[in-house]
Amino acid sequence: MTKTPTSRLDKLLANLGYASRREIQMLARNGHILLDGAPILRADTRIALRPDLETRLVVDGEALDPLPGVALMLNKPLGVTCSHKEAGPLVYDLLPTRWRRRDPAISTVGRLDKETSGLLLMTDDGALLHRIISPKRHVAKRYRARLARPLTGGEAELFASGTLMLEGEEKPLAPARLEILGPQEAILQVHEGRYHQVRRMFAAAGNHVEALHRESIGGLALPADLPPGAFRRLGDIDLAAIFAETGSGG
Ligand code: URA
């Protein structure tokens, strides 16, 4: 059986972005940190990092933030950037302020363009992040695209061919699956994550993407009740769904 990891209280809370270790010592000494209802007066107390700690440890009257190993889905709105440092609104601004000070930091799993909306995963778990984006895992990403011009009929074959070469690249794209929804609307399912991939694929087919929205990653779909700008924590069932065979080929 693996041993439950432990952490000093001050290190745990400082890494979750609550305050400096010194400030946490003061909070503890003044009885602001409770475990199972009883104050922990010493900030050097070692705490077992069990998942139920989030309900048992209370800081300044509030339940503890998610322990490291958190994973989220965000319904990314248009106009926000997947970057820690660019100017303008960032996806990280949509999380609670304290979460932006966490170490390990929460990062996006791949990126969506500023003008792409939809399902964006975020995590502080580097191994999980790499499992999702690894080409070996073959996790499918489904995008709904609205096009500037009507489809001409050859696009599905071109995208499925495995020979389409994007400008400036040396390796052809892996086969991708196009589902046509209407004359200027389609779902494109890809397994790679190349720069501006979907927009560049339609550009290679002589079209232009006017609106782009990611609907799902693997078997995990953006829920209809998650409004733009809102996020939700992922549980084990959601994580398993990402890697579940979606059965839609491509
Ligand atoms: N392909 C794009 O062109 N943009 C995205 O944001 C994602 C995939």
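Look a little higher up for the structure.
Residues numbered from 1 in each chain as written. Predicted model: local features only at pLDDT ≥ 70, side-chain atom pairs only at ≥ 80, totals over all residues. Heavy atoms only, no water.

Of regular secondary structure, the protein chain possesses seven helices and 15 strands. With the C-alpha coordinates of the protein chain rotated into their principal frame, the extents come out at 70 × 45 × 35 Å. Counting all 250 residues of the protein chain, 42% fall into the buried class. Averaged over its 34 positive side-chain charges, the protein chain has a centre that lies 5 Å from the centre of its 30 negative ones. (Helix = DSSP H or I, 4+ residues; strand = E, 2+ residues; numbered from the N terminus. Buried < 20%, exposed > 50% of the residue type's maximum accessible area, 1.4 Å probe, protein only. Lys, Arg positive; Asp, Glu negative; His and termini not counted. Charge placed at Lys NZ, Arg CZ, Asp CG, Glu CD.)

A general feature of soluble globular proteins is that nonpolar side chains tend to end up buried together. If you look at the biggest cluster of nonpolar residues, it comprises 31 residues, and the most contacted ones within it are Val91, Met122, Phe159, Leu188, Met201 and Phe202. At the level of elements, strand E7 (71-76), strand E9 (116-123), strand E10 (141-147), strand E12 (185-190), helix H6 (197-204) and strand E13 (209-217) are the ones that each hand at least two residues to this core. Contact partners of methionine 201, with chain neighbours within four places excluded, come to Phe159, Leu164, Leu166, Leu173, Ala176, Leu188 and Val190. (Core = buried A, V, L, I, M, F, W, Y, C linked by side-chain atoms within 4.5 Å. Contact = heavy atoms within 4.5 Å.)

Taken as a whole, this structure holds 20 salt bridges when the rule is applied. Note that glutamate 54 and arginine 233 form a salt bridge whose closest N and O atoms lie 2.8 Å from each other. Taken together, the residues span a long stretch of sequence, with glutamate 54 in helix H3 (residues 53-56) and arginine 233 in strand E15 (residues 231-233) at a distance of 179 residues. Among the residues examined, glutamate 54 registers a relative accessible area of 17% and is labelled buried. The exposure class assigned to arginine 233 is partly exposed, which follows from its relative accessible area of 38%. Put simply, arginine 194 and glutamate 192 hold a salt bridge, and the shortest N to O gap is 2.9 Å. Of the two residues examined, arginine 194 and glutamate 192, each falls in the buried class. (Salt bridge = Lys/Arg side-chain N within 4 Å of Asp/Glu carboxyl O.)

Listed as buried for H6 are Gln197, Val198, Arg199, Met201 and Phe202. At the exit of H6 stands glycine 206, carrying a positive phi of roughly 80°.

Within E12, five of the six residues are buried, which leaves the element mostly enclosed by the surrounding structure. Pairing of E10 with E12 involves six bridges; the strand directions are antiparallel. Paired with arginine 146 across the bridge in E12 is glutamate 185. Pairing of strand E11 (residues 177-182) with E12, which is carried by five bridges, proceeds in the antiparallel orientation. (Pairing = 2+ DSSP bridges.)

Turning to unusual backbone geometry, a few remarks are in order. Looking along the chain, the bond that leaves aspartate 103 and enters proline 104 is cis, with omega of 5°. With a phi angle near 50°, aspartate 60 is a residue other than glycine that sits in the positive phi range. Tracing the chain through its elements places aspartate 60 in the loop between strand E5 (57-59) and strand E6 (62-63). Positive phi outside glycine occurs at histidine 196, with the angle close to 50°. In this fold, histidine 196 is placed in the loop between E12 and H6. Residue histidine 196 is classed as partly exposed on the basis of its relative accessible area of 30%.

Let's shift gears to the sheet that holds strand E2 (residues 33-35). Strand order in the open sheet formed by four strands is E3-E2-E5-E6, and the pairing between neighbours is antiparallel. Each edge of the open sheet is held by one strand with a lone partner, namely strand E3 (38-39) and E6. Judged from the two bridges that link them, E5 and E6 form a sheet pairing that is antiparallel. Residue pairing in the sheet places valine 59 in a bridge with glutamate 62 of E6.

Now for the layout of surface pockets. As a volume, the largest pocket reaches approximately 640 Å³. For the largest pocket, the lining is made up of 29 residues, of which Gly110, Arg111, Leu112, Gly193 and Arg194 are closest to its centre. Breaking the lining of the largest pocket down by element, the ones donating at least two residues are helix H4 (126-133), E10, H6 and E13. In terms of residues, the lining of the largest pocket owes the most to one element, E13, which gives three residues. (1 Å grid on protein atoms, 1.4 Å probe; cavity = no way out; pocket = protein on both sides within 12 Å on 5 of 7 lines; lining within 4 Å. Points joined across faces, edges and corners; volume = space filled by probe spheres on them.)

Three or more residues of helix H7 (residues 236-243) are buried, namely Leu239, Ala241 and Ile242. Along H7, the residues classed as buried sweep out an arc of 155° about the axis, all on the same side. Opposite its buried face, H7 presents the exposed residues Asp236 and Ile237, each directed more than 90 degrees away. Residues of H7 that are buried in the fold lie against E7, E9, H4, E13 and strand E14 (220-221). (Arc of directions from axis to C-beta.)

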